[in-house]
Amino acid sequence: MPENTTRPRTQVKLQTERPKLYKVILVNDDFTPREFVVTVLKGEFKLSEDQAHKVMITAHRHGVCVVAVFTRDVAETKATRATDAAKDKGYPLLFTTEPEE
Ligand code: TYC
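Here the structure is a predicted model, which means the values were calculated and not measured.

Colleague: Can you walk me through the site of the ligand in this structure?
Modeller: Taken together, the neighbourhood of the ligand is formed by Leu 26, Val 27, Asn 28, Asp 29, Thr 32, Arg 34, Val 37, Met 56, Ala 59, His 60 and Leu 93. With respect to the ligand, the side chain of Asn 28 contributes an N or O atom lying 2.8 Å from a nitrogen atom. The backbone of Thr 32 places a nitrogen or oxygen atom 2.9 Å from a nitrogen atom of the ligand. Relative to its unbound accessible surface of 340 Å², the ligand loses 88% to contact with the protein. Placement of the ligand is best described as lying within the largest pocket. Elements represented by at least two residues in the shell around the ligand include exactly strand 1 (21–27), helix 1 (34–45) and helix 2 (49–62). Here the shell around the ligand takes three residues from helix 2, the largest share from any one element. When grouped by side-chain class, the residues that make up the shell around the ligand number six nonpolar, three polar and two charged.

This is how it looks when you write it as structure tokens:
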């Protein structure tokens, strides 16, 4: 009997895990001017005028709208920056984040 025969081994496939994604959510309020919401969406989230207007109107009519999805860090940073930009102007505009299902 040979002592060092080669036996088949289980192949381990290394997979890079995809990072969990987080939604940035725009919340409606009664005070922030529509045009300011559009400006923030364009500036912080790089939406076009048309996209920004659609997202703003959806939040205005339904209470909330998903703006975009990012990795956790990016989502939280953008939501905070956008909310702070509004706070600086005295508006209660709020962006929140939540994990995607
Ligand atoms: N509801 C605001 C108004 O009528 C506009 C607005 C839209 C504010 C969307 C926040 O997330 C928002 N001036």
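Colleague: Got a minute to help me understand the side chain of Asp 29 in this structure?
Modeller: For Asp 29, the position within the fold is in the loop between strand 1 and helix 1. The charged side chain of Asp 29 is buried without a salt bridge, its nearest counter-charge being Arg 34 at 10 Å. Here Phe 31 takes part through its backbone nitrogen, which lies 2.7 Å from a polar atom of the side chain of Asp 29. Polar side-chain contacts of Asp 29 include one of 2.6 Å to the backbone nitrogen of Thr 32. Look past the residues within four positions of Asp 29 in its chain and what remains in contact with it is Pro 92 and Leu 93.

Colleague: What's the story with the layout of surface pockets in this structure? I'm lost.
Modeller: If a probe as big as a water molecule is rolled over the atoms, it shows which places are left empty. In this model, the largest pocket occupies a volume close to 160 Å³. The set of elements that each furnish at least two residues to the lining of the largest pocket consists of strand 1, helix 1 and helix 2. In terms of residue count, helix 2 provides more of the lining of the largest pocket than any other element does, three residues in total. The residue inventory of the lining of the largest pocket, partitioned by class, reads eight nonpolar, three polar and three charged.

About the cut-offs
- Residues numbered from 1 in each chain as written.
- Predicted model: local features only at pLDDT ≥ 70, side-chain atom pairs only at ≥ 80, totals over all residues.
- Heavy atoms only, no water.
- Near = heavy atom within 4 Å.
- Polar contact = N/O pair within 3.5 Å; in protein donor to acceptor, adjacent residues only side chain to side chain.
- Areas by Shrake-Rupley, 256 points an atom, 1.4 Å probe, with all protein chains shown as cover.
- 1 Å grid on protein atoms, 1.4 Å probe; cavity = no way out; pocket = protein on both sides within 12 Å on 5 of 7 lines; lining within 4 Å.
- Sits in = over half its atoms within 2 Å of the grid points.
- Helix = DSSP H or I, 4+ residues; strand = E, 2+ residues; numbered from the N terminus.
- Nonpolar A, V, L, I, M, F, W, Y, C, P; charged D, E, K, R; others polar.
- Buried < 20%, exposed > 50% of the residue type's maximum accessible area, 1.4 Å probe, protein only.
- Lys, Arg positive; Asp, Glu negative; His and termini not counted.
- Salt bridge = Lys/Arg side-chain N within 4 Å of Asp/Glu carboxyl O.
- Contact = heavy atoms within 4.5 Å.
- Points joined across faces, edges and corners; volume = space filled by probe spheres on them.

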